[in-house]
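Each chain is listed here by its residues.
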Amino acid sequence: HHIIEIHNLEYAYPDGTLALRGASFRITHGESVALIGANGAGKSTLLLHLNGCLTPTKGSVRIGDIPVMKSTLPTIRRTVGMVFQNPDDQLFMPTVYDDVAFGPLNLGLPVEEIEKRVKDALSLVGLAHIKEKSPYRLSAGQKRSVAIATVLSTSPNILVMDEPSSNLDPKSRRNLINLLKTFTHTKIIATHDLDMVLDLCERTIILHQGQIMADGATVELFQDV
Ligand code: ADP
Ligand code: ADP
């Protein structure tokens, strides 16, 4: 049974740029999938369809049995946790703590559970010591880690990440790869970070100019590297 099903997905931006040109794939529950390809290949555009930030020009996107569309967005966003390419797109509260608590608060969880989740998510990314700081005052790498924590704290069934290791220092990057290894739910990660692909993702999808050029076991796609 497939938890993500993308069928003949096409997407044209308002200016006419055809960013996706008929992409199809399915992902099974628990898979770790790397989405790779050159800048402009369509990775971000594809990921933005998984939580309904973009609506297909043609084709369809399903999460489990649910088609991604306006009426299903609340359900979709409870299932799909998205780490955006730009952390500024998801940090908007006065403190780091509040940003990480925002998702669990919206889920209507009890206060003690919210506190536990914030504490756990922040310590997973190594930022428990800056919980009272304003997200605006953080370094790019710290913002990235907070953005990741805001998603981890919601315990998503599907984790979607757009270049999660960019701006991270080597230690934080290694920490992220290790913590994602222990995250057993489905994940799909757009990245240029070869360690992340090789260490974390058993499957790799290669996008080229809006189309899928290859899709298979990472060890086979990279056997010559
Ligand atoms: P990637 O994430 O692989 O770098 P993107 O999905 O960001 O690729 O971009 C795919 C294509 O869509 C590129 O040609 C890019 O220039 C174009 N594109 C991205 N965002 C927009 C936008 N808001 N308006 C018009 N074209 C865009
Ligand atoms: P709970 O069991 O209440 O979800 P946990 O202590 O397992 O609490 O985790 C707290 C938060 O951190 C959760 O939202 C969970 O998604 C996230 N989390 C815990 N462990 C990991 C992990 N190894 N990888 C990613 N996220 C994790």
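See the structure shown above.
Residues numbered from 1 in each chain as written. Chains lettered and ligands numbered in written order. Predicted model: local features only at pLDDT ≥ 70, side-chain atom pairs only at ≥ 80, totals over all residues. Heavy atoms only, no water.

1. Notes on empty space enclosed by the protein
Phase 1: Here the structure, examined in full by the defined rule, presents 1 cavity of 30 Å³ or more.
Phase 2: If you go around the largest cavity, the residues you meet are Val125, Ser145, Ile148, Leu168, Ser172, Asn175 and Leu176.
Phase 3: At the level of secondary structure, the elements contributing two or more residues to the lining of the largest cavity comprise helix 5 (140-152) and helix 6 (170-181).
Phase 4: With 3 residues, helix 6 is the largest single contributor of residues to the lining of the largest cavity. (1 Å grid on protein atoms, 1.4 Å probe; cavity = no way out; pocket = protein on both sides within 12 Å on 5 of 7 lines; lining within 4 Å. Points joined across faces, edges and corners; volume = space filled by probe spheres on them. Helix = DSSP H or I, 4+ residues; strand = E, 2+ residues; numbered from the N terminus.)

2. Remarks on the nonpolar core
Phase 1: Grouped together as the largest cluster of nonpolar side chains are 36 residues, with contacts concentrated most on Val100 and Leu180.
Phase 2: With 5 residues, helix 5 is the single largest residue contributor to this core. (Core = buried A, V, L, I, M, F, W, Y, C linked by side-chain atoms within 4.5 Å. Buried < 20%, exposed > 50% of the residue type's maximum accessible area, 1.4 Å probe, protein only.)

3. With respect to the packing of helix 3 (residues 96-106) against helix 4 (residues 111-124)
Phase 1: Running from N to C, helix 3 and helix 4 point in directions that differ by 125°, and their axes come no closer than 9 Å. As the angle between them shows, helix 3 and helix 4 are arranged oblique. At the point where helix 3 passes helix 4, the crossing takes the right-handed sense. Contacts from Val96, Tyr97, Val100, Ala101, Pro104 and Leu105 of helix 3 reach helix 4 at Ile114, Glu115, Arg117, Val118, Ala121 and Leu122.
Phase 2: When grouped by side-chain class, the residues that make up the contact of helix 3 with helix 4 number 10 nonpolar, no polar and 2 charged. (Axes fitted to C-alpha atoms, helices over the stretch in contact; angles between N-to-C directions. Parallel < 35°, antiparallel > 145°, perpendicular 65-115°, else oblique. Left-handed = near helix turned anticlockwise from the far one by under 90°. Contact = heavy atoms within 4.5 Å. Nonpolar A, V, L, I, M, F, W, Y, C, P; charged D, E, K, R; others polar.)

4. Topic: the packing of aromatic side chains
Phase 1: For the structure on display, the rule yields 2 aromatic pairs.
Phase 2: Between Tyr11 and Tyr13, the aromatic rings sit 4.8 Å apart at their centres with planes inclined by 85°, giving edge-to-face as the arrangement. (Phe/Tyr/Trp six-rings, centres within 6.5 Å; stacked < 30°, edge-to-face > 60°.)

5. Things to note about the layout of surface pockets
Phase 1: One number sums up the size of the largest pocket: a volume of about 560 Å³.
Phase 2: With 4 residues, helix 3 is the single largest residue contributor to the lining of the largest pocket.
Phase 3: For the lining of the largest pocket, the class distribution of residues is 8 nonpolar, 7 polar and 4 charged.
Phase 4: In this structure, the second largest pocket occupies an estimated 260 Å³ of space.
Phase 5: Residue lining of the second largest pocket: 15 residues in total, with Leu124, Leu152, Ser153, Ser155 and Phe183 positioned closest to the centre.
Phase 6: The element best represented in the lining of the second largest pocket is helix 4, accounting for 6 residues.
Phase 7: Partitioning the lining of the second largest pocket into residue classes produces 6 nonpolar, 5 polar and 4 charged.

6. Some points on a nonpolar patch on the surface
Phase 1: The grouping of Phe92, Phe102 and Tyr136 at the surface amounts to a nonpolar patch, some 320 Å² of accessible area in total.
Phase 2: Tracing the sequence through the fold places Phe92 in the loop between strand 6 (80-83) and helix 3.
Phase 3: With a relative accessible area of 44%, Phe92 lands in the partly exposed category. (Patch = residues over 30% accessible without salt bridge, like charges linked within 9 Å, V, L, I, M, F, W, Y side chains within 5 Å. Areas by Shrake-Rupley, 256 points an atom, 1.4 Å probe, with all protein chains shown as cover. Salt bridge = Lys/Arg side-chain N within 4 Å of Asp/Glu carboxyl O.)

7. Some points on the sheet that holds strand 4 (residues 58-63)
Phase 1: Within the open sheet, the 4 strands sit side by side as 2-1-4-5. Their pairing is antiparallel. The sheet is open, and its two edges are formed by strand 2 (18-28) and strand 5 (66-67), each paired on a single side.
Phase 2: Pairing geometry for strand 4 and strand 5, over 2 bridges, is antiparallel. Among the inter-strand pairings, Arg62 is bridged to a residue of strand 5, identified as Pro67.
Phase 3: Those strands touched by helix 1 (residues 43-50) are strand 1 (2-12), strand 2 and strand 4, and its axis lies near 125° from that of strand 1. (Pairing = 2+ DSSP bridges.)

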